[in-house]
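Coordinate inspection notes
Spelled out from the first residue to the last, the chains are:
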Amino acid sequence: MFRFEITKEMIRRILPGILWVVLLVGAGCSSTRPYTLETIKTFDPDTARIDRPFEAPAYQWWDRINNTIFHQMEKPLDLNRTFRFIGKAAGIAGSRQADNINHLDEPPESSWYTYRDFYYPMTVDQIRRGPNTVPPDTGSKWTIFRAKLSGATSGFFIRDSKGDRYLIKFDGYNYPELATGAEVIGSKIFHAAGYTVPEATIVYFEPDSVVVG
């Protein structure tokens, strides 16, 4: 007759392994709080009518001075921001939760955001085309109906033969292709990321193809 005895030494060796198995099984069978029971918001109805916003003049040089000097001086006086910064540095506070996400930590679609490449992979041609639909008609004269009086680059607003209106902006004299190239490339990247961006196209035209309205 075969006789098997369990010694204290055997128990001492296998006991840690048994405890680990019990802990893993218990953790797998333990109940957890449901991820969410709330309605998942997939679209933000931000197109409701509102009162016309107050239009304030923009001063380019003042904006630079304000953001470089005075805005930096105001940051330490924002106690909420200061204490959060200290808490994150000490490891007792996490990052601030975004205001416009749903219960799945995803941004809902809205007038300025649409699910695109991350959710529905786009082809190279779709990314290259970006938001562009119809470029200006360069085969006929453009009519200038307003000047561009704000911003760092000069330009004007035109109307082509089809009645479509466009904003024409120019590169700086000493930096050709810098601003326009960056805007065209950036608009395609942001469009693929889901943002609503204006169409941007590089066009070449002769001065005699433009008339003042």
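Below, the structure is looked at part by part. Quick caveat: nothing in here was measured; it's all calculated off a predicted structure.

Some thoughts on the overall build of the protein chain
- The number of helices and strands found in the protein chain is 5 helices and 4 strands.
- Its helices and strands in sequence order give the protein chain the pattern α-α-α-α-β-β-β-α-β, from N to C terminus.
- Of all 213 residues assigned to the protein chain, the portion counted as buried reaches 15%.
- Within the protein chain, contacts between residues at least 6 apart in sequence are counted, and of these 49% link residues at least 24 apart.
- As displayed, the protein chain offers around 18,000 Å² of accessible surface, 61% of which is attributable to carbon and sulfur atoms.

Focus on unusual backbone geometry
- Although it is not a glycine, Asp105 adopts a positive phi angle of roughly 60°.
- Checked against the element boundaries, Asp105 lands in the loop between helix H3 (79-90) and helix H4 (124-129).
- When its relative accessible area of 48% is taken as the criterion, Asp105 is described as partly exposed.
- Unusually for a residue other than glycine, Glu177 sits at a positive phi of about 70°.
- Along the polypeptide, Glu177 turns up in the loop between strand S3 (165-169) and helix H5 (178-193).

Remarks on helix H2 (residues 60-74)
- Between the first and last C-alpha of H2 there are 20 Å, a value that for 15 residues agrees with the 21 Å anticipated at 1.5 Å per step.
- Within H2, the axis deviates most sharply at Asn66, by approximately 40°.

The rules we used
Residues numbered from 1 in each chain as written. Predicted model: local features only at pLDDT ≥ 70, side-chain atom pairs only at ≥ 80, totals over all residues. Heavy atoms only, no water. Helix = DSSP H or I, 4+ residues; strand = E, 2+ residues; numbered from the N terminus. Buried < 20%, exposed > 50% of the residue type's maximum accessible area, 1.4 Å probe, protein only. Contact = heavy atoms within 4.5 Å. Areas by Shrake-Rupley, 256 points an atom, 1.4 Å probe, with all protein chains shown as cover. Expected span 1.5 Å × (residues − 1). Bend = angle between axes of the 7 residues up to and from the residue.

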